[in-house]
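Working through the structure, step by step
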Amino acid sequence: MSEKRRPFLLGLTGSIGMGKSTTAQMFVDLGCAVWDADAAVHRLYHVGGAAVAPLAEVLPEAIEDGAVSRERLKAMISADAAVLKTIERIVHPLVAQDRAAFIQNATAEILVFDIPLLFETGGDGAMDAVACVKVAPDIQRARVLARGTMSEAQFEQILAKQMPIAEKIARSDYVVHTDTLDQARVQVEKIVNTIKEGADHA
Ligand SMILES: CC(C)(COP(=O)(O)OP(=O)(O)OC[C@H]1O[C@@H](n2cnc3c(N)ncnc32)[C@H](O)[C@@H]1O)[C@@H](O)C(=O)NCCC(=O)NCCS
Ligand SMILES: Nc1ncnc2c1ncn2[C@@H]1O[C@H](COP(=O)(O)OP(=O)(O)OP(=O)(O)O)[C@@H](O)[C@H]1O
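Per an unreviewed UniProt entry, the protein chain goes by Dephospho-CoA kinase and derives from Shimia marina. We quote the UniProt Subcellular location (unreviewed entry) comment for the protein chain here in full: "Cytoplasm". The annotation that UniProt attaches to the protein chain under Catalytic activity (unreviewed entry) is "3'-dephospho-CoA + ATP = ADP + CoA + H(+)".

Structural data, given as structure tokens:
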């Protein structure tokens, strides 16, 4: 038997609430393996997670019952935006380790990386291609606020930290419009087919 072919690494990004997770699931449905940066952060924040001890050292008030409290982090970030930088300095290298372990163990032909801050952190350099989700800003805002997990001010704060969506699109190889589920699914199928055709002809 020939050796396992190197998987195709596809970055999946977009602005907050534009549909990354929903689109990632569509890639899973087509047999791709997905690594989710936000989910990795959840694992790191759990009791026993690798971020708990280093965060406890610099932000002890963020720890509750042996885990990192996202509610407390959000309150602290709201009071002082610089806190987010401190968190990122600790969390981002741990996230990178988690991603490397996923690549080592994955067996699918196409690996999809759902990373909100793909361009902001330079993660796009490690990808073979990037797909960006997109929806109109008013729909984005409505969808995020409908989740009820963020205030309007918290949404604005996160939004201000992210690269403008037009720039993300300009730097991406593919765009997935997330106005409707059916429309998005068709675009995801096209991307997967294009990547597979490219692999066949390589
Ligand atoms: C700020 C926190 C507490 C908010 O938690 P909460 O559960 O309410 O939201 P969640 O984690 O689902 O994030 C919602 C969205 O906000 C955006 N976002 C999260 N962190 C950041 C950040 N550092 N900069 C810009 N946008 C961000 C992303 O689009 C993300 O998908 C949490 O996101 C966090 O601890 N962030 C720091 C770690 C980080 O940088 N994560 C980004 C992935 S590496
Ligand atoms: N193609 C689509 N058609 C209709 N609704 C969608 C579509 N994609 C996503 N949505 C809706 O938009 C909201 C945000 O989607 P999702 O959670 O996938 O976004 P996200 O980019 O992963 O968010 P975050 O940046 O917060 O992690 C959800 O309520 C979801 O149901």
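1. Some points on the site of ligand 1
Surveying the vicinity of ligand 1 reveals 18 residues, the closest of which are Asp 38, Tyr 45, Arg 70, Lys 74 and Glu 88. In the environment of ligand 1, an oxygen atom lies 2.5 Å from a nitrogen or oxygen atom belonging to the side chain of Arg 70. Take Gln 162: an N or O atom from its side chain is 3.0 Å from an oxygen atom of ligand 1. Within the complex, the protein chains bury 90% of what would otherwise be the 770 Å² of accessible surface of ligand 1. Secondary-structure elements contributing two or more residues to the shell around ligand 1 are α2 (37-45), α4 (70-79), α5 (82-105) and α7 (152-161). By residue class, the composition of the shell around ligand 1 is eleven nonpolar, two polar and five charged. In this structure, the shell around ligand 1 is formed jointly by two domains, domain 1 (7-32 + 108-195) and domain 2 (39-106), each of which donates at least three residues.

2. Thoughts on α2
Owing to its 3.6 residues per turn, the α-helix aligns residues three or four sequence positions apart on the same side. Turning to α2, its buried residues are Ala 37, Ala 40, Val 41, Leu 44 and Tyr 45. Taken end-on, α2 shows its buried residues confined to a sector of 135°, consistent with a single buried face. Where α2 is buried, its residues touch β2 (33-36), α3 (52-58), β4 (67-68), α4, α5 and β5 (110-114). Between the side-chain oxygen of the N-cap and the backbone nitrogen of Asp 38 there are 2.9 Å, and the N-cap of α2 in question is Asp 36.

3. A closer look at the packing of α2 against α5
One way to put it is that α2 packs onto α5 with a least axis distance of 10 Å and a crossing angle of 110°. It follows from the interaxial angle that α2 and α5 lie roughly perpendicular. Counting all contacts with α2, which are made through Ala 40, Val 41, Arg 43, Leu 44 and Tyr 45, the residues of α5 involved are Ile 87, Val 91, Leu 94, Val 95 and Asp 98. Considering only residue class, the contact of α2 with α5 consists of eight nonpolar, no polar and two charged.

Rules used in this analysis
Residues numbered from 1 in each chain as written. Chains lettered and ligands numbered in written order. Predicted model: local features only at pLDDT ≥ 70, side-chain atom pairs only at ≥ 80, totals over all residues. Heavy atoms only, no water. UniProt positions renumbered as here; feature names shortened; annotations may be inferred. Near = heavy atom within 4 Å. Polar contact = N/O pair within 3.5 Å; in protein donor to acceptor, adjacent residues only side chain to side chain. Areas by Shrake-Rupley, 256 points an atom, 1.4 Å probe, with all protein chains shown as cover. Helix = DSSP H or I, 4+ residues; strand = E, 2+ residues; numbered from the N terminus. Nonpolar A, V, L, I, M, F, W, Y, C, P; charged D, E, K, R; others polar. Domains from an automatic or database assignment. Buried < 20%, exposed > 50% of the residue type's maximum accessible area, 1.4 Å probe, protein only. Arc of directions from axis to C-beta. Contact = heavy atoms within 4.5 Å. Axes fitted to C-alpha atoms, helices over the stretch in contact; angles between N-to-C directions. Parallel < 35°, antiparallel > 145°, perpendicular 65-115°, else oblique.

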